[in-house]
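# Geometric and topological summary
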Amino acid sequence: MVIKNNNMKKGYIELQIDEKSKKLIKNWFKKTKITTVDKKIKNKLHLTLFFGLDYSKVKKQEIEKKIKKIKIKEILIKGINYFPVENYDFKIFYLEIKDVNKKLLKLHNAFLNFPHLKDNNTHNFKPHITLGYVNGSIKSKKIKYTGPKILSIKGIKYKIFNK
């Protein structure tokens, strides 16, 4: 079920990264001498598995039942990259996730069966962990990722985005 409305509460599913992995990523990120990245959001490191569930129509217990069936212990880092954000003058600088056997994509697609907002799922799902926002240009190929290659997942949560 697809609903088109951008002015309502939106639910999302996030994979929560364990604190040890977060600390290692933050330490690596601090060592990079990147000046065009807003580093304020690095404390919220997580992987958004699905964004844009219609909060007013989704039954929380159905979402949580689905989440309990998901078994992900770890994710693998492929590298770093960035992508532009449509209708905004910045890019998202992120850790690329290696989607082994397209497991994350399959999980993402399973949430399309729940009431969701079309505006938030018109792009191809690309599993990533946002590190910051890039204002201006950045050459991610020149930045070497030396942080942890395997991140432990401490949980999966259904959350609400109010904006």
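It should be emphasised that the depicted structure is a prediction, and the values quoted were computed from it without experimental measurement.

Cut-offs used in this document
Residues numbered from 1 in each chain as written. Predicted model: local features only at pLDDT ≥ 70, side-chain atom pairs only at ≥ 80, totals over all residues. Heavy atoms only, no water. Salt bridge = Lys/Arg side-chain N within 4 Å of Asp/Glu carboxyl O. Helix = DSSP H or I, 4+ residues; strand = E, 2+ residues; numbered from the N terminus. Buried < 20%, exposed > 50% of the residue type's maximum accessible area, 1.4 Å probe, protein only. Contact = heavy atoms within 4.5 Å. 1 Å grid on protein atoms, 1.4 Å probe; cavity = no way out; pocket = protein on both sides within 12 Å on 5 of 7 lines; lining within 4 Å. Points joined across faces, edges and corners; volume = space filled by probe spheres on them. Nonpolar A, V, L, I, M, F, W, Y, C, P; charged D, E, K, R; others polar. Pairing = 2+ DSSP bridges.

### Let's talk about the pattern of salt bridges
Under the definition given, this model contains four salt bridges. Between glutamate 14 and lysine 159 there is a salt bridge; the shortest N-O distance is 3.4 Å. One end of the pair, glutamate 14, is in strand E2 (residues 10-17); the other, lysine 159, is in strand E9 (residues 150-161), with 145 residues separating them in the sequence. For glutamate 14, a relative accessible area of 5% translates into the label buried. Since its relative accessible area comes to 32%, lysine 159 is described here as partly exposed. Note that glutamate 19 is salt-bridged to lysine 154, the shortest N-O span being 3.0 Å. Here glutamate 19, found in helix H1 (residues 19-31), pairs with lysine 154, found in strand E9; they are 135 residues apart in sequence, far enough to count as distant. Residue glutamate 19 is classed as partly exposed on the basis of its relative accessible area, which comes to 45%.

### Concerning the side chain of serine 21
For serine 21, the position within the fold is in helix H1. With sequence-adjacent residues up to four places away left out, serine 21 is seen in contact with Pro148, Ile150, Leu151 and Ser152.

### Side note on the layout of surface pockets
If you add up the space inside the second largest pocket, you get close to 200 Å³. As for the second largest pocket, its lining consists of Lys78, Glu96, Ile97, Lys98, Asp99, Lys102, Leu105, Phe125, Lys126 and Pro127. Looking at the lining of the second largest pocket, the element that brings in the most residues is strand E6 (residues 91-98), giving three residues. Looking at side-chain class alone, the lining of the second largest pocket contains four nonpolar, no polar and six charged residues.

### Focus on the pairing of strand E8 (residues 128-134)
The buried count for E8 comes to six of seven residues, which makes it a mostly enclosed element. Both E6 and E8 contribute to a ladder of six bridges, which runs antiparallel. If you follow isoleucine 92 over to E8, its bridge partner there is tyrosine 133.

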